[in-house]
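Below are the chains, spelled out letter by letter.
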Amino acid sequence: MDAMTDDTTLLPDRPLTDPRRPVALVVGVIATVLFVGLRFAVELSGSAPLPIDQAWDDAMSALAHPVGVIVAWVPAIVGGTIGMIIIGVATTIVFLVVRRPWDALNVAASIALVVLIGAPLAAVIARSRPADSLAETVATSFPSGHTAVATTIAVTLALILRRRWVWVVGAAWVVLMMWSRTYLHAHWLSDVVAGFLEGVAVATLVWALVEVWRVRRAQRLTRASD
């Protein structure tokens with residue numbers, strides 16, 4: 001069997017052509033447009049916090065509690081650079097071990113792309129974080145890298161594994177991450193929303209492109225064997 005061809009006997013849940021692909025493409029395009037729109041809104045504000053950003057930051061300050069801070073640090077640490085590298089590499093290796101190379105490629109490509117987009121963009125925009133930040137203080141607030149990577153992994157795995165519980169757990173993790181980053185005043189609300197949109201766009205578009213590549217390769221191999 002070709003190294004990059006899925007064996008249908010090993011993947012009975014894997015259709016040749018996934019009907020979710022057009023939906024993923026539409027969602028990815030919409031998320032991209034919304035992300036760009038939010039980026040311009042922040043640019044027009046001079047990278048200052050939007051009114052809703054300040055209101056949300058004030059609300060998080062009003063809800064501040066030592067226990068809440070401890071809870072908020074859990075996703076912040078797990079979803080940090082080292083944590084995400086470990087999760088990404090481990091997930092990729094697992095898919096390779098169970099002979100799902102396309103899924104390994106999907107995970108690795110998605111995580112790499114979201115970081116390659118988000119990190120330079122945050123440095124270029126150089127938006128200042130809230131003054132009372134309990135975490136990072138470097139002016140790389142927009143978009144939230146933690147949220148973008150968390151969303152990318154959650155959506156990518158949900159699309160690959162095709163299980164409702166994965167969607168539920170993934171959604172809960174993303175919401176927790178978005179709350180954590182604003183509760184610790186590491187990001188403005190618009191930063192985490194931007195990170196969410198970036199993650200959705202990258203995850204859905206990469207998944208759709210990998211699916212197209214997988215199907216076309218399978219079709220070529222089928223024609224070659226006839």
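For clarity, every value in this text was computed on a predicted model and none was experimentally measured. Along each chain, residues carry numbers from 1 onward, in the same order as the chain's sequence is written. Under the rules for a predicted model, residues below a pLDDT of 70 receive no local features and side-chain atom pairs below 80 are neither given nor counted, while totals for whole chains, interfaces and linings still include all residues. As a rule here, side-chain values cover all heavy atoms of the structure and leave hydrogens and water aside.

Some words on the environment of Val-202
For the purposes of this entry, the term helix denotes a DSSP run of H or I that reaches at least four residues, the term strand denotes a run of E that reaches at least two, and both are numbered from the N terminus. Position of Val-202 among the secondary structure elements: in helix α8 (residues 189-225). Put simply, Val-202 and Val-155 are 47 residues apart on the chain and 9.4 Å apart in space, counted from C-alpha to C-alpha. Any two residues whose heavy atoms approach within 4.5 Å are treated as being in contact. Excluding its chain neighbours within four sequence positions, the residues that come into contact with Val-202 are Ser-110, Leu-113, Val-114, Ile-117 and Thr-152.

Focus on the pattern of salt bridges
Take a side-chain nitrogen of Lys or Arg and a carboxyl oxygen of Asp or Glu: if they are within 4 Å of each other, that pair is a salt bridge. What the rule picks out here adds up to six salt bridges. For the salt bridge of Arg-100 with Asp-103, the shortest nitrogen-to-oxygen distance reads 2.6 Å. Just as Arg-100 is buried, Asp-103 falls in that class too. A salt bridge links Asp-191 to Arg-127; the nearest nitrogen and oxygen atoms lie 2.6 Å apart. Taken together, the residues span a long stretch of sequence, with Asp-191 in helix α8 and Arg-127 in the loop between α5 (101-125) and α6 (145-161) at a distance of 64 residues. Neither residue differs from the other here; Asp-191 and Arg-127 are each classed as buried. Members of the salt-bridge network, linked through shared partners, are Asp-53, Arg-127 and Asp-191. Only protein chains enter the accessibility calculation, which uses a 1.4 Å probe. A residue is then buried if its area is under 20% of the maximum for its type, exposed if over 50%, and partly exposed in between.

Regarding the nonpolar core
Ranked by internal contacts, the top residues of the largest apolar core, which has 20 residues, are Phe-95, Val-107, Val-114, Val-149, Ile-153, Ile-160 and Trp-207. Every element with two or more residues in this core is listed here: α4 (81-97), α5, α6 and α8. If sequence neighbours within four positions are ignored, Ile-153 has contacts with Met-84, Ile-87 and Ile-111. Among the nonpolar cores identified, the runner-up in size contains eight residues, and Leu-50, Ile-125, Phe-142 and Leu-197 belong to it. Residues enter a nonpolar core if they are buried and are Ala, Val, Leu, Ile, Met, Phe, Trp, Tyr or Cys, with the set joined through side-chain atoms within 4.5 Å.

Here we look at a nonpolar patch on the surface
Patches draw on residues past 30% relative accessible area with no salt bridge. Two like charges within 9 Å are joined, as are two nonpolar side chains (Val, Leu, Ile, Met, Phe, Trp, Tyr) within 5 Å. Accessible surface is estimated by sampling points in the Shrake-Rupley manner with a 1.4 Å probe; for residues, cover comes only from the protein chains shown. Judged by side-chain polarity, Ile-85, Val-89, Ile-93, Val-94, Val-97 and Val-98 come together as a nonpolar surface patch covering roughly 530 Å² of accessible area. Along the chain, the position of Val-94 falls in helix α4.

Details of the packing of aromatic side chains
Only the six-membered ring of Trp is used, alongside the rings of Phe and Tyr, when aromatic pairs are assigned; centres must lie within 6.5 Å, and planes under 30 degrees apart are stacked while those over 60 apart are edge-to-face, with the rest tilted. One pass over the structure, following the stated rule, counts three aromatic pairs. Both rings, one in Phe-35 and one in Phe-142, keep their centres 6.1 Å apart while their planes meet at 25°; by these two values the pair is stacked. Remark: Phe-142 occurs in the loop between α5 and α6 and Phe-35 occurs in helix α1 (residues 21-44); sequence separation between them is 107 residues. Between the aromatic rings of Trp-102 and Trp-213, the centroid separation amounts to 5.0 Å while the plane-to-plane angle is 80°, which identifies the pairing as edge-to-face. In this pair, Trp-102 is assigned in helix α5 and Trp-213 in helix α8, connecting sequence segments 111 residues apart.

Comments concerning empty space enclosed by the protein
For cavity detection a 1 Å grid was placed over the protein atoms alone, and a set of points counts as a cavity when a 1.4 Å probe fits there but cannot get out; an open set counts as a pocket when protein lies on both sides within 12 Å along at least five of seven lines, with lining residues being those that have an atom within 4 Å of a point. Grid points are joined across faces, edges and corners, and a volume is the space filled by probe spheres set on the points. Within the structure shown, the criterion is met by two cavities of 30 Å³ or more. Reported here for the largest cavity is a volume of approximately 50 Å³. Lining the largest cavity, in full, are Ile-87, Thr-91, Val-107, Ser-110, Ile-111, Thr-152, Ile-153, Thr-156 and Leu-157. Put simply, the parts of the chain that give the lining of the largest cavity at least two residues each are α4, α5 and α6. The leading source of residues in the lining of the largest cavity is α6, at four residues. Charged residues are taken to be Asp, Glu, Lys and Arg, nonpolar residues to be Ala, Val, Leu, Ile, Met, Phe, Trp, Tyr, Cys and Pro, and polar residues to be all remaining types, Gly included. Each residue belonging to the lining of the largest cavity can be placed in one class, and the counts come to five nonpolar, four polar and no charged.

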